[in-house]
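So the chains spell out like this:
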Amino acid sequence: MLSYPARIRRDGDGFAVSFPDIPEALTGAPTRAEALDFAVDALTTAMDFYFEDRRPVPAPSALKRGQVIVDLPPSVGAKVLLLNEMLRQQVKPSELARRMKVRPQEVNRLTDLHHPTKIDTISQALLAIGKRLELSLC
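Each chain carries its own residue numbering, running from 1 in the direction its sequence is written. At least 70 in pLDDT is required for a residue's local features to be given in this predicted model, at least 80 for side-chain atom pairs to be given and counted, and no such filter applies to totals for whole chains, interfaces and linings, which use all residues. Excluding hydrogens and water, the side-chain values take into account all heavy atoms of the structure.

Break down the pattern of salt bridges for me, citing the residues and quoting the values.
Each reported salt bridge corresponds to a side-chain nitrogen of Lys or Arg within 4 Å of a carboxyl oxygen of Asp or Glu. Applying the stated criterion to the full structure yields 6 salt bridges. The partner of R55 in a salt bridge is E24, and the shortest N-O contact between them spans 3.4 Å. One end of the pair, R55, is in the loop between α1 (32-53) and β4 (67-71); the other, E24, is in the loop between β2 (14-18) and β3 (26-29), and 31 residues separate them in sequence. A single network of salt bridges, built from pairs that share partners, joins E24, D53 and R55. In this description a helix means any DSSP run of H or I spanning at least four residues, a strand means any run of E spanning at least two, and both kinds are numbered starting from the N terminus.

And the structure:
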């Protein structure tokens, strides 16, 4: 769903990974393969900062030479899209709950990256604010 370009570079005895679009996401490991594995966790963890501050998550930029792509897990990517659209439309969680005809606590779980949420529920939330979640194969 959402794929971010990352830079992997030698750093002392290991490898460091950074994300130009998400500067909060940094990680490293002794090997390049481990650094790439840790990159998904670093990127996902960095999303917490945006959700806590209720700030829009920057869109991924185009891949540049020497960069690699790191995919957010689909459930996290869908929640990022929901957060960004809520912020863009200035829809507060209480208003989304009203539109979905659910309790505010249910919407709070929708915008909690650590709460497992069905993709159908995220899709329903997006529909409530006039957007459709589309999935595709590449």
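Don't stop here, the text continues.
How would you summarise the nonpolar core if you had to cite specific residues and measurements?
Only buried Ala, Val, Leu, Ile, Met, Phe, Trp, Tyr and Cys residues count toward a nonpolar core, and they belong to the same one when joined by side-chain atoms within 4.5 Å. Exposure categories follow from relative accessible area, calculated using a 1.4 Å probe and restricted to protein chains: below 20% of the type maximum is buried, above 50% is exposed, and the middle band is partly exposed. Y4, F19, I22, L43 and M47 are the most contacted members of the largest nonpolar core, which totals 25 residues. A per-element tally of this core places α1 first, with 7 residues. Two residues qualify as a contact provided that any one of their heavy atoms is within 4.5 Å of a heavy atom in the partner residue. Sequence-distant contacts of L43, defined by excluding residues within four places in its chain, comprise Y4, F19, I22, A25, V70 and L72.

I'd like a description of helix α2 (residues 74-89), backed by residues and values.
Under the 1.5 Å per step criterion, the end-to-end length of α2 is 22 Å for 16 residues, consistent within 8% with the ideal 22 Å. The secondary structure elements touched by the buried residues of α2 are α1, α3 (93-100), α4 (104-110) and α5 (119-128). Looking one or two residues beyond α2, the residue adopting positive phi is Q90, at roughly 60°. One less than the number of residues in a helix, times 1.5 Å, gives the span that helix is expected to have.

Can you explain the packing of aromatic side chains? Please cite residues and give values.
Note on ring pairs: Phe, Tyr and Trp rings are taken, using the six-membered ring of Trp, and paired if centres are within 6.5 Å. Classes follow the plane angle, with under 30 degrees stacked, over 60 edge-to-face and the rest tilted. On inspection of all chains with the given rule, the structure shows 0 aromatic pairs. Throughout this description, the term charge over a ring refers to an Arg CZ or Lys NZ atom that lies within 6 Å of the ring centre and within 35 degrees of the ring normal. The positively charged end of R55 is found above the aromatic ring belonging to Y50, 4.2 Å away from the centroid.

Tell me what's going on with a nonpolar patch on the surface, and back it up with residues and numbers.
Exposure above 30% relative accessible area and no salt bridge define the residues that can form patches, which grow by joining like charges within 9 Å and nonpolar side chains of Val, Leu, Ile, Met, Phe, Trp and Tyr within 5 Å. Where accessible areas are quoted, they stem from the Shrake-Rupley method and a 1.4 Å probe; at the residue level, only the protein chains shown are allowed to cover. On the surface, M1, L81, I119 and L135 cluster together to form a nonpolar patch covering roughly 350 Å² of accessible area. Relative to the elements of secondary structure, M1 occurs in the segment before β1 (3-11).

Which residues make up the environment of L43, and what values do they have?
Counting through the fold element by element, L43 comes out in helix α1. For the pair L43 and L26, spaced 17 residues apart in sequence, the C-alpha to C-alpha distance is 7.7 Å.

Quick rundown of the side chain of T117? Include the residues and the values.
Within the element layout of this structure, T117 appears in the loop between α4 and α5. Classification of T117 as buried rests on a relative accessible area of 17%. Under the rule applied, a polar contact is a pair of N or O atoms within 3.5 Å (in protein, one hydrogen donor and one hydrogen acceptor; residues adjacent in sequence only if both atoms are side-chain atoms). A polar contact of 2.9 Å, which involves the side chain of T117, links it to the side chain of K79.

Let's hear about the packing of α3 against α5: which residues, and what values?
Only the contacting stretch of a helix is used when fitting its axis, a line to C-alpha atoms as for every element, and angles between N-to-C directions run 0 to 180 degrees. Following both chains from N to C, one finds α3 and α5 inclined at 95°, their axes separated by 9 Å at the closest point. What the angle tells us is that α3 and α5 run roughly perpendicular. Counting all contacts with α3, which are made through L96, R99 and M100, the residues of α5 involved are T121, Q124, A125 and A128. Polarity classes work like this: nonpolar for Ala, Val, Leu, Ile, Met, Phe, Trp, Tyr, Cys and Pro, charged for Asp, Glu, Lys and Arg, and polar for all others, with Gly in that last group. Of the residues that constitute the contact of α3 with α5, the class distribution is 4 nonpolar, 2 polar and 1 charged. Orientation labels follow simple angle bins: below 35 degrees gives roughly parallel, above 145 gives roughly antiparallel, 65 to 115 gives roughly perpendicular, and whatever is left gives oblique.

It is worth stressing that arrangement in space is one thing and function is another; only the former is reported here.
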